[in-house]
Amino acid sequence: DTIKYNILLTGASFASSHNGWFEIGCRHLDARPINKAIGGEAIINTANRMIDGTLYSFEEFDNVDALGIMQVHNRDVSDESQLLSDYKDYTVPFDRSNYARAYDYVIKRYIAECYELRDNPKSKYYGTKLGKPAIIVLCTDWHDARITYNNSVRKLAAKWGFPLVEFDKYIGFSKNNPHPVTGKQQSLLYAKDDQTIEGTKYGWHPDRGEDKYIQQRMAAIFVELMKKVLPLK
């Protein structure tokens, strides 16, 4: 068995296994992909699945080396005015009114659960000083049109010291420059549908499948970041 790592990904349609970038990336990292992304979900759903115990089993949690989050709705996920210091004080389950709180809950609860493994006799981290190292990796949207989300997730990553998969920075095109032939947003060439943000039409969901260029490019960006993050074994 050449598997060195287990990586769990939560997200929505951009992260689901229909895409391929996560699965390609995990192969190159000698990692087992545990893809929990579900189309149509949001960070609120991730938080609620933690609450009801359906995001991961204890065995999965104990063996996961890193948690990746690609919940990229174009919302502010770092609004400090909405946050409580103790994640246990939030009213649950979460509704779709507050993305920043749900992100805060997921982050704090995951870190807390990793630490608490030190006191769990069933865990391989039992008796250790820090429990399990809490590796959380955040992601931008796949291109740079979702300014509200991309800017706020950068703030969130900086706040916690989390690594960030900057798809928008390295994807190879920008909203600032339309295609020189079509005159339209370049993201449309790589997408199967479109979205309109502040009056401009952009690519929405990238073309899916491991044979697609855009998925392979996203995998490369993901791998490069994860190589800096995962502990060497």
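Residues numbered from 1 in each chain as written. Predicted model: local features only at pLDDT ≥ 70, side-chain atom pairs only at ≥ 80, totals over all residues. Heavy atoms only, no water.

Draft legend 1. Up close: helix H5 (residues 147-160). With 14 residues, H5 ought to run about 20 Å at 1.5 Å a step, and its terminal C-alpha atoms sit 20 Å apart, in line with that. All buried positions along H5 are accounted for by Tyr149, Asn150, Ser152, Val153, Leu156 and Ala157. Turning to H5, the residues buried within the fold contact helix H4 (99-116), strand E4 (136-139), strand E5 (164-165) and helix H6 (167-170). Taken from the residues just after H5, Gly161 is the one with a positive phi, measuring 75 degrees. (Helix = DSSP H or I, 4+ residues; strand = E, 2+ residues; numbered from the N terminus. Expected span 1.5 Å × (residues − 1). Buried < 20%, exposed > 50% of the residue type's maximum accessible area, 1.4 Å probe, protein only. Contact = heavy atoms within 4.5 Å.)

Draft legend 2. Layout of the packing of aromatic side chains. Considering all chains together, one arrives at 13 aromatic pairs under this definition. Here the aromatic rings of Trp21 and Phe167 are separated by 5.2 Å at their centres, their planes lie at 75 degrees, and the arrangement is edge-to-face. Here Trp21 is found in helix H1 (residues 21-28), whereas its partner Phe167 is found in helix H6, with 146 residues between them in sequence. For the pair formed by Trp21 and Phe167, the shared burial category is buried. Among the aromatic side chains, those forming a connected cluster through ring pairs are Trp21, Phe22, Phe167 and Phe222. Geometry around Phe61 places Lys132 over its ring, the cationic atom sitting 4.2 Å from the centre. (Phe/Tyr/Trp six-rings, centres within 6.5 Å; stacked < 30°, edge-to-face > 60°. Lys NZ or Arg CZ within 6 Å of the ring centre and 35° of its normal.)

Draft legend 3. Quick look at the side chain of Ser123. Mapped onto the fold, Ser123 is located in the loop between H4 and E4. In this structure Ser123 comes out as buried when scored by relative accessible area, which is 7%. Reaching out from Ser123, the side chain makes a polar contact with the side chain of Asp62 at a distance of 2.5 Å. Ignoring anything within four residues of it in the chain, the contact list for Ser123 reads Phe58, Asp62 and Leu117. (Polar contact = N/O pair within 3.5 Å; in protein donor to acceptor, adjacent residues only side chain to side chain.)

Draft legend 4. Focus on the pattern of salt bridges. Tallied over the full model, the rule gives 12 salt bridges. For the salt bridge of Asp65 with Lys233, the shortest nitrogen-to-oxygen distance reads 3.2 Å. In this pair, Asp65 is assigned in the loop between helix H3 (58-63) and strand E3 (66-70) and Lys233 in the segment after helix H7 (213-229), connecting sequence segments 168 residues apart. Arg154 is the partner of Glu166 in a salt bridge, and the nearest nitrogen-oxygen pair spans 3.0 Å. Taken together, the positions of Glu166 in the loop between E5 and H6 and Arg154 in helix H5 put the pair 12 residues apart, joining distant regions of the chain. (Salt bridge = Lys/Arg side-chain N within 4 Å of Asp/Glu carboxyl O.)

Draft legend 5. Seen up close, the pairing of strand E2 (residues 31-35). By the bridge criterion, 5 bridges tie strand E1 (residues 5-11) to E2 in an arrangement that is parallel. Looking at E2, one finds that Tyr5 is bridged to Ala31. Read from E1 through H1 to E2, the crossover connection turns out right-handed. (Pairing = 2+ DSSP bridges. Right-handed = clockwise from strand over helix to strand, strands pointing away.)

Draft legend 6. Quick peek at the side chain of Asn48. Within the fold, Asn48 resides in helix H2 (residues 43-52). Overall, the relative accessible area of 17% leaves Asn48 in the buried class. Contact partners of Asn48, with chain neighbours within four places excluded, come to Pro93 and Phe94.

Draft legend 7. Spatial organisation of unusual backbone geometry. For the bond running from Val92 to Pro93, omega is 0 degrees, close enough to zero to count as cis. If you trace the backbone, Pro93 turns up in the loop between E3 and H4. We note that Asp30 has phi near 55 degrees; this positive angle belongs to a residue other than glycine. The residue Asp30 is located in the loop between H1 and E2 in this model. Despite not being glycine, Glu198 shows a phi value in the positive range, around 50 degrees. As for its placement among the helices and strands, Glu198 is situated in the loop between strand E6 (194-197) and strand E7 (200-203).

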